[in-house]
Amino acid sequence: KEFAGYTSQIKELATIIPSAKTQLAEGLYATISAGVPKDNWIGFLKDSSKAAIGGNAELGLVVDATSSIIKAYGDDWENATKIQDRFQKTVNLGQIPSLQSLASALPRVSAVSADLKVSQEELLSVFATASGVMGKPAEVATQLNAVLSALSKPGAEAIKMAKQLGIEFNATSIDKAGGLKNYIDVLMPRIEQFAAQTGQTQQEIIGKLFGSQEAIKLVIGLGGNLAESWGSNTQKLNKSTGSVKAAFDIMSATTTSKLQ
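Residues numbered from 1 in each chain as written. Predicted model: local features only at pLDDT ≥ 70, side-chain atom pairs only at ≥ 80, totals over all residues. Heavy atoms only, no water.

## Focus: the overall build of the chain
Argument step 1. Helix and strand counts for the chain stand at 17 helices and zero strands.
Argument step 2. The principal-axis extents of the C-alpha atoms in the chain amount to approximately 70 × 35 × 25 Å.
Argument step 3. Residues counted as buried form 49% of the 260 residues belonging to the chain.
Argument step 4. Of the contacts formed within the chain by residues at least 6 apart in sequence, a portion of 66% connects residues at least 24 apart.
Argument step 5. Total accessible area on the chain stands at roughly 12,400 Å², and carbon and sulfur atoms take up 51% of it. (Helix = DSSP H or I, 4+ residues; strand = E, 2+ residues; numbered from the N terminus. Buried < 20%, exposed > 50% of the residue type's maximum accessible area, 1.4 Å probe, protein only. Contact = heavy atoms within 4.5 Å. Areas by Shrake-Rupley, 256 points an atom, 1.4 Å probe, with all protein chains shown as cover.)

Structure (structure tokens):
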């Protein structure tokens, strides 16, 4: 009886969302597998389907990315639409061809970002700012993960270098600074000053702190020529309401969607 009820809801949803019933059924399975509460299944599926259509992405990836953010940040399932609006706004702001690549990359950094108190807007702003310049979203995720992992579990060399710079370098640093950008804004001038005093390059100093080429590249970018656009994109992501609806309305008017 319950199964028949969900079958009916999937058929009804297929008249609203230009997606095949089999895709919506698979999306419902992904929704259930992601741990979405039962009362939110259909609403979450409907929102995720619109985000997938609007962002030209696989429904399952949108479900995974959304659920990973909600679970990592302890957010409410009712806020799925707000989160997906931020996803679409990120795609709009950055050099990201579709939501597909962003949705694939996000689960790799959502947990560590939440642990270190990086806000959702600031996290997504890194992708909006660095994608295209630093690489594809998957590469940006690798770089950001390297930065945050170094702060989460700093090595002996990092602790020694941070002491010489006169700055904290640990799991609570970002939270105390009031955000990742604030922390890097304080860190970079100290690195520049220490480099001038010792003759070391900024890359060498950042390498001692973060320990990987991926992290060095992102820190130098976000702390340098990308700093202004990073801050601007973060502010824009605070005003992302309606981004999915706008993208969905455009995509659902295409010939492909009408045929579906």
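## A few points about the packing of helix H8 (residues 120–130) against helix H15 (residues 227–237)
Argument step 1. At their nearest, the axes of H8 and H15 sit 8 Å apart, and the two run at 125° to each other. Put simply, H8 runs oblique to H15. When you trace H8 past H15, the crossing you get is right-handed. Residues Glu 121, Glu 122, Leu 124, Ser 125, Val 126, Ala 128 and Thr 129 of H8 pack against Ser 229, Trp 230, Asn 233, Thr 234 and Leu 237 of H15. (Axes fitted to C-alpha atoms, helices over the stretch in contact; angles between N-to-C directions. Parallel < 35°, antiparallel > 145°, perpendicular 65-115°, else oblique. Left-handed = near helix turned anticlockwise from the far one by under 90°.)

## A few points about unusual backbone geometry
Leaving glycine out, the prevailing phi sign among residues is negative, and the prevailing peptide bond configuration is trans.
Argument step 1. For Asn 56, which is not a glycine, the phi torsion comes out positive at approximately 55°.
Argument step 2. Positionally, Asn 56 belongs in the loop between helix H3 (41–55) and helix H4 (59–73).
Argument step 3. Assessed through its relative accessible area of 54%, Asn 56 is described here as exposed.
Argument step 4. If you check the backbone angles, Lys 117 has positive phi at about 65° while not being a glycine.
Argument step 5. Mapped onto the elements of the fold, Lys 117 is located in the loop between helix H7 (110–115) and H8.

## Some points on the packing of aromatic side chains
Argument step 1. One pass over the full model with this rule turns up three aromatic pairs.
Argument step 2. When the centroid spacing of 5.5 Å and the interplanar angle of 50° are considered together, the rings of Tyr 6 and Trp 41 count as tilted. Highlighted residues: Tyr 6 in helix H1 (residues 2–14) and Trp 41 in helix H3, separated in sequence by 35 residues. Both residues of the pair, Tyr 6 and Trp 41, belong to the buried class.
Argument step 3. Ring geometry for Phe 169 versus Phe 210: centroids 5.1 Å apart, planes at 75°, classification edge-to-face. Here the residue Phe 169 occupies a position in the loop between helix H10 (156–165) and helix H11 (173–177), and Phe 210 occupies one in helix H13 (residues 202–210), the gap between them amounting to 41 residues.
Argument step 4. On the basis of relative accessible area, Phe 169 is assigned to the buried category, the value being 5%.
Argument step 5. Using a relative accessible area of 7% as the deciding quantity, one classes Phe 210 as buried. (Phe/Tyr/Trp six-rings, centres within 6.5 Å; stacked < 30°, edge-to-face > 60°.)

## A short note on the side chain of Asn 233
Argument step 1. Here Asn 233 shows up in helix H15.
Argument step 2. Given a relative accessible area of 8%, Asn 233 falls into the buried group.
Argument step 3. Side-chain polar atoms of Asn 233 contact the side chain of Thr 129, separated by 2.9 Å.
Argument step 4. What Asn 233 contacts, discounting residues up to four positions off in sequence, is Leu 93, Ser 125, Ala 128 and Thr 129. (Polar contact = N/O pair within 3.5 Å; in protein donor to acceptor, adjacent residues only side chain to side chain.)

## Some remarks on the pattern of salt bridges
Argument step 1. Tallied over the entire structure, the rule returns five salt bridges.
Argument step 2. Between Glu 121 and Arg 86 there is a salt bridge; the shortest N-O distance is 3.3 Å. With a gap of 35 residues between them, Glu 121 in helix H8 and Arg 86 in helix H5 (residues 80–93) connect regions that are remote in the sequence.
Argument step 3. A relative accessible area of 16% means that Glu 121 is categorised as buried.
Argument step 4. Residue Glu 168 is joined to Lys 176 by a salt bridge in which the shortest nitrogen-to-oxygen separation is 3.2 Å.
Argument step 5. By relative accessible area, Lys 176 is classed as exposed at 60%. (Salt bridge = Lys/Arg side-chain N within 4 Å of Asp/Glu carboxyl O.)

## Here's the deal with the packing of H5 against helix H16 (residues 243–252)
Argument step 1. Put simply, H5 and H16 touch, their axes get as near as 7 Å, and they point 65° apart. Classified by the angle their axes make, H5 and H16 are roughly perpendicular. Mapping the contact onto sequence places Gln 84, Asp 85, Gln 88 and Lys 89 in H5 and Ser 243, Val 244 and Ala 247 in H16.

## Considering the environment of Gly 224
Argument step 1. Along the polypeptide, Gly 224 turns up in the loop between helix H14 (213–222) and H15.
Argument step 2. The sequence separation of Gly 224 and Leu 116 amounts to 108 residues, and the corresponding C-alpha distance is 22 Å.

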